[in-house]
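Residues per chain are reported as follows:
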Amino acid sequence: EEIKHHQLSPGLTFIGVAFFVSAVSLFFRFYRLETVPSEMFSDHAEKLYDVMDVLAGRTPIFFIRNTGREPLQFYLTAAIIKIFNTGISFISLKLGTAAAGFITLIFIYLLGKELVNKWVGLGAAFFAGIAYWPNVISRVGLRFPFYPLFVALVLFYLFKGLKEERLNLLILSGIFMGIGLHGYSPIRVLPVLVTVVIILFALFHQNRETRSFAFDGFILVGISSFIIFLPLFRYLLENPQSFNYRMATRLTSLENPITEPILKIFLNNLWKSLTMFFYNNGTIWVNSIPNRPALDIFSAVLFFVGLLYIGLNIFKEKNCWRELSVLISIPLLMLPSILSFAFPAENPSLNRSGGAVVPVFLVCSYGFFSILKTITKNYLGWMGRIAIFLLLISIVIGAMIINFDLVFNQYADQYTRNAWNSSEIGAQIAN
């Protein structure tokens, strides 16, 4: 409760900070978008073939190329090509995914505002806006950013609907979950998280009417999401092997033998995923810098502080279903990476864990404002104001410098070294 009423320096107006966060986030999402990353590889070619099918008038609900893909990106990219005349190109793919990455920040802000206050929401949007992890998965031109986008949308309307006991907001949550299921396959874990959140809400409210509302809301979320999911559900009934193939290759021995006990692999994968924020985010060069932490040093420290702060609040607060939901959502949203039993070397992966971007940067913002609260409580007057100003400047500028280097130097350079010179090869073939 204390953090909810904490106020920043009077000179730091909300509108000014919001403008700064928006401008910085736009910069990080779209600066040098055409050249970072530099070249297409086979997955991009497969995507563009599917987009060409859409532009040619074909309208499948599930695209079977490259082990099968949900349709959202292909129709979005076709619309971008039609509207902006960008052609069958890498930038057409990137514009859609970068825009999805930016819109995600709006709903991260709204979610933080709903859970705590507008400052925590704005802090979460800032740290997610400049962070290397969500930036690279938004820039690479694949379907990855649709996972955090629809996690943020669904959780915002879910938490707001439960808090205000408004069924219409829960229906919106279900609608966006149904749309999200047409985006990127790891989001199939989101219905599990929604169920857990509603159960926690019901458990922490002894009122019979409130529990009845939770049950009604659960049914409405399920029905509304299922109605939107129906086209894919029909495809699933008619082609279960095609629809589940990609997931089955990771969960079972369909493509690669599982050589160790499942429980051992699960626990090992879980540990690697939960420590990737501070230690190692995996070895996939396409959408990460191999063998470095998923967070920069500032965000990692704030994330750790935020975890401690939320953990203490859970012990102190009676009605802590929101805090518990945020903590539980992190490993749940990373399950698509953790459950890679047949290919454990693919875990952790920033793309399949992408939904966790939303709660992770909310926790970072929790940590940031808990530090500010501690400083103002112990250092009053001009000393406190100076301490807050210096802390703000050092964290904001330091984090921006580090993440700029990670995205536009380190990631860009290692991607170019690993990728083929596809554009030059294409130019030679065309000549």
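Remember, it's a predicted structure, so these values are computed and weren't measured experimentally.

Calculation criteria
- Residue numbering note: each chain is counted from 1, following its sequence as written.
- In keeping with the model being predicted, local features are shown solely for residues with a pLDDT of at least 70 and side-chain atom pairs are shown and tallied solely at 80 or more, while totals for entire chains, interfaces and linings include all residues.
- Water and hydrogen atoms play no part in the side-chain values, which are based on all heavy atoms of the structure.
- Only runs of H or I of at least four residues qualify as helices and only runs of E of at least two qualify as strands under DSSP, and these elements are numbered from the N terminus.
- Note that the radius of gyration is over C-alpha atoms, with the globule rule given as 2.2 Å times the number of residues to the power 0.38.
- Burial classes follow relative accessibility: with a 1.4 Å probe on protein chains only, a residue under 20% of its type's maximum area counts as buried, one over 50% as exposed, and anything between as partly exposed.
- Only the protein chains shown count as cover for residues, and all accessible areas are computed by the Shrake-Rupley method using a 1.4 Å probe.
- The convention is simple: Lys and Arg are positive, Asp and Glu are negative, and His and the chain ends are not counted.
- Charged side chains are reduced to one point each, which is NZ for Lys, CZ for Arg, CG for Asp and CD for Glu.
- Just to be clear on terms, a salt bridge is a Lys or Arg side-chain nitrogen sitting within 4 Å of an Asp or Glu carboxyl oxygen.
- The term polar contact refers here to a pair of N or O atoms within 3.5 Å; inside protein, the definition further demands a hydrogen-donor-capable atom paired with an acceptor-capable atom, and it admits residues adjacent in sequence only when both atoms are side-chain atoms.

Quick look at the overall build of the protein now. Secondary structure assignment for the protein yields 18 helices and zero strands. Its C-alpha radius of gyration of 22 Å places the protein within 12% of the 22 Å reference for a compact globule of 431 residues. Principal axes of the C-alpha set define a box for the protein whose edges measure 70 × 50 × 50 Å. Here the protein holds 431 residues, and the buried ones make up 53% of them. Just so you have it, the protein exposes about 19200 Å², and 67% of that area is on carbon and sulfur atoms. In the protein, 33 side chains carry a positive charge and 24 a negative one; their mean positions are 4 Å apart.

With that settled, consider the pattern of salt bridges. Side chains that carry opposite charge are capable of pairing whenever their charged atoms lie near each other. On inspection of all chains with the given rule, the structure shows 13 salt bridges. Here Asp50 ties to Arg65 by a salt bridge, and the two come within 2.6 Å at their closest N and O atoms. Of the two residues, Asp50 is situated in helix H2 (residues 42-55) and Arg65 in the loop between H2 and helix H3 (72-84); the sequence distance between them amounts to 15 residues. The exposure class assigned to Asp50 is buried, which follows from its relative accessible area of 3%. We note a salt bridge from Asp53 to Arg58, for which the minimum N-O separation is 2.9 Å. When its relative accessible area of 15% is taken as the criterion, Asp53 is described as buried.

Before going further, it helps to spend a moment on the side chain of Arg139. With respect to the helices and strands, Arg139 occurs in helix H6 (residues 132-139). Although Arg139 is buried, it forms no salt bridge, and the closest oppositely charged side chain is Glu34 at an N-O distance of 10 Å. There is a polar contact of 3.1 Å between the side chain of Arg139 and the backbone oxygen of Phe28. A polar side-chain atom of Arg139 sits 2.3 Å from the main-chain carbonyl oxygen of Tyr31.

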